[in-house]
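Survey of secondary and tertiary structure
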Amino acid sequence: MSYYIDEMRPLPARAAALREEVQGAVQSVCTERAIIWTQYHRRRENRKKPAVVRMAEALAEVLARKSIAIYPGELIVGNFSSKRVGGSIFPELHGVPVMLDLLRFRNRETNPLAVTGKEIRSLLAVIPFWMFRFMALRAYRSPLARIRFVADQLKAHFYLINESGGISHIAPDYEKLIRIGAGGFIAEIEERERDSAPDEVARDLYRAMKIIAEGIARFGERYGELAAAMAGEEADPAKRRELEAIAESCRRVPRGGAETFRDAVQSLFFAQIALNLESLDNSVCPGRMDQYLYPYYRRDLERGLITRDEAKELLACFSIKMSEIIPVFSSHLTNFHGGMFNGQVVTVGGVDRNGSDGVNELTYIFLELMDQLRMRQPNYHARVHAASPRQYMDIITGMLARGSNTPALYCDESIIAMMTKNGYSLEDARDYTGVGCVEPVSQGKSFSSTDAAIFNVPLCLEMALNGGRRFGHLFRSGARTGPAGSLMTMDSVKGAFEAQLRRKMGDLIRDLRAVELANRRYHPTPLTSMLIDGCIDAGRCSTAGGARYNFSGVQCVAPADTGDALFAVERAVFQEGRYTMKGLVAHLKRNLRDQRVRLYLRNLEKFGNDREETDRWTLYVIDRFGETLRSFGKNTRGGGYVTGLYSVTAHEYFGRITGALPSGRRRGEPFASGIAPESGMDRFGPTAVCNSVNRIDFTKIGNGVNLNAKFDPHSLRGDEGRAALQGLIQTYFRRGGMQMQINVLDPEMLAAARDDPALYPNLMVRVSGYSSYFNDLTPAMKDEIIRRSLYQC
Amino acid sequence: MEPKAAPSLQERGIVFDVQQFSLHDGPGIRTTIFFKGCPLRCRWCQNPESHRYSMELSYSRDRCIRCNECVRVCPAGAVRDDECRFDMSRCTLCGSCAEACPARAVRVVGMEYSPEALMAEAGRDRDFFSGSGGGVTLSGGEPMGQHRFLAAFCPMLKAQGIHILLETCGHFEWSAMEGLLPFLDLVYFDLKHADDGAHRKWTGVGNGLILENLGRLSASGVPVQPRMPVIPGVNDGGENIAATAALLRGYGQGVIHLLPYHNLGEGKRRQLDSPSEYIALEPMQEGAMERVKNLFVEEGLDVVLYR
C-alpha cells in the first residue's frame, strides 16, 4: 500500500465540518482565566500560602470553574477558552498592558479580537489589583529601576524580554502522562515524600503538584459528566454512541493511564489546555506525537478496536482543536509576534532514542493531515536524516512543491550534534523536538526559555558609527566609543561595534536575570514541573532549575543586515576610499537622501550570494553575538544562554525603529528575517543562499535557526521540480544545515489577498519559522511578502 | 579513454551569464553557462545579448538616475552629456562607466573567463548537482562558437565528475565537435525549421549543416535530445511538423521537446545597440502548444512540453 499523496484528497466529512466551524469562528477574548485567577488571589486566606501552592490552586480553580462545551461532531473534547476560538488574558504576566489595550481590540487593523462591552468592564475591574503586581514590575524592587525597565520594554528598541510574559516553551512528557495518568503522578510524588526527606521547598512543590494533578483529573471528569448528560438527551443513536464513547474516555483520562489510542490523544489534550492556562500560552508543544502515540495505535489495531481511518479521524479532530486557541497580545507585542499563533509544535519522523529511523504509520497519517487541513495550528515540523525512508521524503517534498508550505524541515544530524555539544546526552538529543518556532529541546526533559529575549543587532552598529549615540539623538544610549572621524581602520569599527554589543547585551542579560528570578519567585509552574523530567527528583520547580536541561535563548535579529553594513563600510571607506567614515555617517544621518550614495551602497555585494568576502561579515556578527552571550555565563536556572537565528516578526519592528545602514537600507525599512539574505538581495537563487548559509557553524547555534526558502510555484512544477527541491534540501542538510522551510508563493494571489482579505481567507504563509494566515499579518509584513515573491518570479 | 587536453591558459571564454539553480535546462539542479556569440539570427530571439561574440555595453534608461557619473569617468569621451547617449564608435569597452554607475544602469555584457575561473563559478553548486542528478549546462548564444575554450573547460568539469549538457543550434564544424564528444553526457539539439529556405529566411542560415550534424551526433553514441522552439506562424504549421517528424524518425529520434515562444527578452533588446531584425509576437497560449503537440503525436513522436 502506498500513501503517496498525488494531489489534495478531500477531507473526511467530519473533519471538513469541524474545520469550517473553527475557521469561521470569530477570534475572541475570553475573560474567565483572568477573572477566576484574580478572585483566587484576592482572597485573604490565599495570600499567605507559598507561591507554588497558590499557582496550583488558582489553576485548579480555573479548571474547575471555567465553562465547558462539547461541540457537534467532536470526538476529542476540551476547551482552551469559553469561546470557540479564543484567547485568555494573564493579568499577572503581560496582562496589564494587554488590558490597557482592551478598547482597541475590536477595531485594530492587525489581529482584531471580539470582546463585548460587559467583558471589557469585567476586565477593567481586575486591573487595579494587578497594576503593581505584574511580572515586568516585579523584576526590580527599586521604583526607579521598575519604571526604567517597564518604560524600556514598552519601547523595546534594543531588545524585548519575552520572558516577562512567562516562560513556557516546553515539550512536556506526555508519554508519561498518557501511560500513568495524573493518579500515577500523585502516587509517585507520595512515594517520593515518604522515601526521601524533602526540604521545605520540595514539600511545597509536591503539595502543589498533587493539587494540580487532582485538578486536571477532575477537569477531564467534568467532560465525562457533560458528555454523559448530553448522551442522555440525544435522540440520534449514532450521535448518542459518540457521546457515550467520549464520556467513557473522559472518565478514564487524564486521571488514569490510557487504555486506548483515543484515551491517549484525549489525555494529552486535557493537559495541553491546562498548561496553556498555567503560564504564558505560548509554545506548549505536544512534540513527537507519532512516536509516543504509536504503541497505542498498534495495540488498538491488533485488538481490532480501531482502523487506520478512525485513527486519522481522531487525529484530525485533535489537530483542528489545536486551532481553537489564539494569543491575546497588545498591539505592541503583535509587532514582535505577528500571526495569531501559539507556537504549538507537533513533530513527526526522525530517529528514535536508539538512533534508528522512527517513521511509522502515524507519521504518514500526520503528513496527510497537515496537507489536507492546512490550518494555522499546530505548527507541524518534520525531522529528516540521511536514512529517512524514500517514501517519507517523497511525500513531504511533493506536498511542499505543491505549495502546502508545511511542514518545516529539521535535520537530525546537525541538531543532534549541536545538542550533544551543548551538554545533552545522545539519547536525549535524539529525542528532540522543535518548540515555538524553530528551537530544539529534548522532549519531556528541557525547560529552556527559548524565546527569552530578542535583540536588535544593527542598532549597535548605528551607535558604533556615532560615538554611542543613535542617529539624531542627543543622549548617549550606548557605550562611549569614538566619533565617526576617529574610526580609521576596520579594526576600530569592529572594536566600537563590539563595545556597543557588550553594553547592550549586558543590559539585556541584567534585565533577563531579574525577570528569571521574578518568574521563580512569583510565578512558579507546578504543572509544568510535574510534566518535565527532573523536577520531581530534584524537588525543585522548573522555574528554579529543577529540569534536566535549562537553556535560555536570545535571538540575534538581522545578522545579515549588520554583516552587509560592515562589508559596505570596508568596501566603500577602507578599500575604495569612495567616502570618508565621517562622510558616510553624514549620509546615513540624512537617511541616504542622495540617490547616488544609496544606490552605490545598495548595489554592493550582499550576504546570500556565496561570496566569501561578503559572507564572512555576517559570520563575524553571529560569532561575536554568540561569544558575547557566552561571556555572561549561566542563567539563574543553571543553563547556558544560547543564540537563536530567527526573528518571528521582530525584524520588521526593529527595522522600523532603526536608522539608515551602510548597506544602503534606509531608515525604517524591514530587516531580513532569520538568517535569510536581505530582501531581494539574493541574486543567484536558493543554491547560492544555501552555500552562504552553510558557512555558518550551526553547532554554535544552540537555539535554532530559521531559513525561509521561497519559490514561485512555476519552478517547482511537476516531478522534476519536486526532485530538485528534494536535492536542494538534502544537500543543504548534508552539509550541516539545521532547518529549512519552503514557501511557494504566487505574487498575484498575494496581492489580491492583500487588497481583499475575504478572497482567500485561509491563505497560509510561513513567516519566520511558523505558519500563519496571510490575513493576520501586519500591512507592512504583507507588503514584504509580496515584494519578496515578485522578486522570485 | 583518458583524454588529456592541455588547457591553454591563453584561451578565454566569453560568457554573458552563469545561472545557478536552473531547473529547466536538463535534469536535476543545474548551473547554466551562457556563452556569448551565435551564428544564427533567429528573428524571435529573446537573448539579443547573446548575438555578438565580443563584449558590449548595455544601458537601461529605466534604471538610470541621470547622475552623469559615466560622462565624467569615460576616458574616450564616448558618453555625451545630459542624456547618457553612448557613441559606440568611440567606446573602447574599458568598463569605467559601468564601474562608476551607482544605479547599475550601464553594464558590460560579457565577461572573460579562463577555464579555471569559469570552473570556480561552475563548481559552486557541485554538492547540489550530485544531490539532485544535475550538472552544468553549456548554453548561449552558441557554445560551439567557443569550442576551443570548451576543449579546455569540459575536461575540467569531467575531472570533477560533473554531468555536462550541451545546448546547441547545430551550426558548427563537425571537426570542432569530435574532440568534445567524450566529455558530453547529453546534447539538447535545436531544430528551427525543416525547410532550408524557410530556415534561411528566419534565422539567417540554411539548415544543411545543422541536419548533417544532427545525423552525425545521433550516430555518435552521445544521447541527443531534439528540441524545437514553437514560433507561431513560423514553424507551427502542419507541413513543417510532418517534415520535422520525418527527419527525426530518419535519425532514430523518437522524442521531441517543444518550447513555447515567449517575449521576455523585449526589455533587453532596447538596452543594446542591436541592429538585428526582430519580429515581436504575442506569447503562446497553452492551447496552441497542445495543438502542435498533437500533430507530433500523430506523427508517432513522443512529446515533452515546456512551460
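The structure presented is a predicted model; accordingly, all values stated were derived computationally and were not measured.

Criteria and thresholds
- Residues numbered from 1 in each chain as written.
- Chains lettered and ligands numbered in written order.
- Predicted model: local features only at pLDDT ≥ 70, side-chain atom pairs only at ≥ 80, totals over all residues.
- Heavy atoms only, no water.
- Helix = DSSP H or I, 4+ residues; strand = E, 2+ residues; numbered from the N terminus.
- Rg over C-alpha atoms; globule rule 2.2 N^0.38 Å.
- Buried < 20%, exposed > 50% of the residue type's maximum accessible area, 1.4 Å probe, protein only.
- Contact = heavy atoms within 4.5 Å.
- Lys, Arg positive; Asp, Glu negative; His and termini not counted.
- Charge placed at Lys NZ, Arg CZ, Asp CG, Glu CD.
- Pairing = 2+ DSSP bridges.
- Axes fitted to C-alpha atoms, helices over the stretch in contact; angles between N-to-C directions.
- Salt bridge = Lys/Arg side-chain N within 4 Å of Asp/Glu carboxyl O.
- Polar contact = N/O pair within 3.5 Å; in protein donor to acceptor, adjacent residues only side chain to side chain.
- Core = buried A, V, L, I, M, F, W, Y, C linked by side-chain atoms within 4.5 Å.
- Right-handed = clockwise from strand over helix to strand, strands pointing away.
- Parallel < 35°, antiparallel > 145°, perpendicular 65-115°, else oblique.
- Left-handed = near helix turned anticlockwise from the far one by under 90°.
- Nonpolar A, V, L, I, M, F, W, Y, C, P; charged D, E, K, R; others polar.
- pLDDT = per-residue confidence, 0-100.
- Expected span 1.5 Å × (residues − 1).
- Arc of directions from axis to C-beta.

On to the overall build of chain A, then. If you tally the helices and strands in chain A, you get 33 helices and 15 strands. For 793 residues, the compact-globule formula gives about 28 Å, and the C-alpha radius of gyration of chain A, at 26 Å, lands near that figure. Its C-alpha atoms put chain A at 85 × 65 × 50 Å along the principal axes. Here chain A, with 793 residues, has 66% of them falling under the buried criterion. Of the contacts formed within chain A by residues at least 6 apart in sequence, a portion of 77% connects residues at least 24 apart. Within chain A, the 93 negative side-chain charges are centred at a point lying 8 Å from the centre of the 105 positive side-chain charges.

Residues and elements named next belong to chain A. Reading across from one edge, β4-β5-β6-β13-β12 is the order of the five strands in this open sheet, with mixed pairing throughout. Taken across any chain shown, the strands that pair with only one partner, and hence form the sheet edges, are β4 (345-349) and β12 (708-711). Strand after strand, the sheet turns through a mean of 25° between neighbouring axes, direction not considered. Bridge analysis of β4 against strand β5 (residues 379-384) gives five bridges, and the strand direction is parallel. Paired with threonine 347 across the strands is histidine 381, a residue of β5. Across the sheet, helix α19 (residues 412-421) touches β5 and β6 (408-411), and the angle it forms with β6 is around 60°.

Quick look at the interface of chain A and chain B now. Quite often, the size of an interface is put as the accessible area lost when its parts meet. The interface of chain A with chain B comprises 27 residues on the first partner and 22 residues on the second. Viewed at the interface, chain B and chain A are joined by four salt bridges. In this structure, the connection of chain A to chain B is made through eight residue pairs in polar contact (both at pLDDT 80 or more). Counting only elements with at least two residues in the side of chain A that touches chain B, the list comes to α27 (595-602), α30 (686-693) and α31 (718-734) of chain A.

Within the secondary structure, A:Ser647 is located in the loop between β11 (641-644) and α29 (650-656). Separated by 47 residues in sequence, A:Ser647 and A:Asn694 have C-alpha atoms that sit 19 Å apart.

A few words on the nonpolar core. Core analysis: the largest hydrophobic core is formed by 256 residues, its most contacted members being A:Phe261 and A:Leu293. Not counting residues up to four positions away in its chain, the partners in contact with A:Phe261 are A:Leu293, A:Tyr296, A:Tyr297, A:Asp300, A:Ile306, A:Ala311, A:Leu314, A:Leu315 and A:Leu362. The next biggest cluster of nonpolar side chains, apart from the first, holds 63 residues, and it includes B:Phe35, B:Leu40, B:Ala122 and B:Leu150.

All names here are of chain B. Here strand β8 (residues 135-140) lies mainly inside the structure; six of its six residues are buried. Bridge analysis of strand β2 (residues 30-35) against β8 gives six bridges, and the strand direction is parallel. Bridge pairing in β8 links phenylalanine 35 to glycine 140. When β8 meets strand β9 (residues 163-168), the two strands line up parallel, connected through four bridges. Bridging from a neighbouring strand, leucine 138 pairs with leucine 166 of β9. Since β8 and β9 lie parallel, the crossover through helix α5 (residues 147-159) that links them has a hand, and here it is right-handed.

In this section: the packing of helix α15 (residues 308-321) of chain A against helix α17 (residues 361-373) of chain A. Describing two packed helices takes the angle between their axes plus the distance from one axis to the other. All names here are of chain A. One can describe the packing of α15 onto α17 by two numbers: an axis separation of 10 Å at closest approach and a directional angle of 50°. Considered as vectors, α15 and α17 are oriented oblique to each other. In this structure, α15 crosses over α17, and the sense of that crossing is right-handed. Here α15 contributes Arg308, Ala311, Lys312, Leu315, Ala316, Ser319 and Ile320 to the contact with α17, which in turn contributes Glu361, Leu362, Tyr364, Ile365, Phe366, Glu368, Leu369, Gln372 and Leu373. Of the residues assigned to the contact of α15 with α17, the class counts are 10 nonpolar, two polar and four charged.

All names here are of chain B. The contact between helix α3 (residues 115-122) and α5 brings their axes to 10 Å, and the two run at 45°. As summarised for this structure, α3 and α5 are arranged oblique, according to the angle between their axes. You can see that α3 and α5 cross each other, and the crossing is right-handed. Contacts between α3 and α5 involve Pro115, Glu116, Leu118, Met119 and Ala122 on the former and, on the latter, Phe149, Ala152, Phe153, Met156 and Leu157. Among the residues making up the contact of α3 with α5, the classes are represented as nine nonpolar, no polar and one charged.

Residue and element names in this part refer to chain A. Counting all residues, the mean pLDDT for chain A is 92, and 94% of those residues have values of 70 or more. Here residues 1-8 is modelled with pLDDT under 50, and outside its nearest four sequence neighbours on either side it reaches 24 contacts, counting other chains as well. Segment residues 766-771 is flagged for pLDDT under 50; beyond a separation of four residues in sequence, or across chains, it makes 46 contacts in the model.

A word on the sheet that holds β11(A). Residues and elements named next belong to chain A. Strand order in the open sheet formed by four strands is β3-β9-β10-β11, and the pairing between neighbours is mixed. Two strands in the sheet have a free side with no partner beyond their single neighbour: β3 (159-161) and β11. Going from strand to strand, the sheet's axes swing by 30° on average, the running direction of each strand aside. With three bridges connecting them, β3 and strand β9 (residues 449-456) associate as antiparallel partners. Paired with tyrosine 159 across the two strands is phenylalanine 455, which belongs to β9. Each of β9, β10 (552-557) and β11 touches helix α28 (residues 612-631); the most contacted strand, β11, lies at about 160° to it.

Quick look at the pattern of salt bridges now. Between side chains of opposite charge, a pair can form as their charged atoms come close. Residues and elements named next belong to chain A. Inspection of every chain in the model, using the stated rule, returns 77 salt bridges over all chains. Across the pair glutamate 214 and arginine 255 runs a salt bridge whose closest N-O atoms are separated by 2.9 Å. Residue glutamate 214 is located in helix α10 (residues 200-233), and its partner arginine 255 is located in the loop between α11 (237-252) and α12 (261-278); the two are separated by 41 residues in the primary sequence. Its salt-bridge partner being arginine 695, residue aspartate 610 comes within 3.2 Å of it at the nearest N-O pair. With aspartate 610 in the loop between α27 and α28 and arginine 695 in the loop between α30 and β12, the pair connects residues that are 85 residues apart, well separated along the chain. A residue is classified by how much of its surface remains accessible, and arginine 695, at 31% relative accessible area, is partly exposed.

The subject of this paragraph is α31(A). Residue and element names in this part refer to chain A. Taking 1.5 Å of rise per residue, the 17 residues of α31 would be expected to cover 24 Å, and the 24 Å separating its terminal C-alpha atoms lies within 8% of that figure. Within α31, the full set of buried residues consists of Gly721, Arg722, Ala724, Leu725, Gln726, Gly727, Leu728, Ile729, Thr731, Tyr732 and Phe733. Taken from the residues just after α31, glycine 736 is the one with a positive phi, measuring 105°.

On to helix α1 (residues 13-24) of chain A. Residues lying three or four places apart along an α-helix face the same way, a consequence of the helix completing one turn every 3.6 residues. All names here are of chain A. For α1, spanning 12 residues, the distance from its first C-alpha to its last is 16 Å, which sits close to the expected 16 Å at 1.5 Å a residue. When we look at burial in α1, the residues that qualify are Ala15, Leu18 and Val22. The arc that holds the buried residues of α1, viewed along the axis, is 65°, so those residues lie on one side. With respect to the buried face of α1, the exposed residues turned more than 90 degrees away are Ala13, Glu20 and Gly24. On its buried face, α1 sits against α15.

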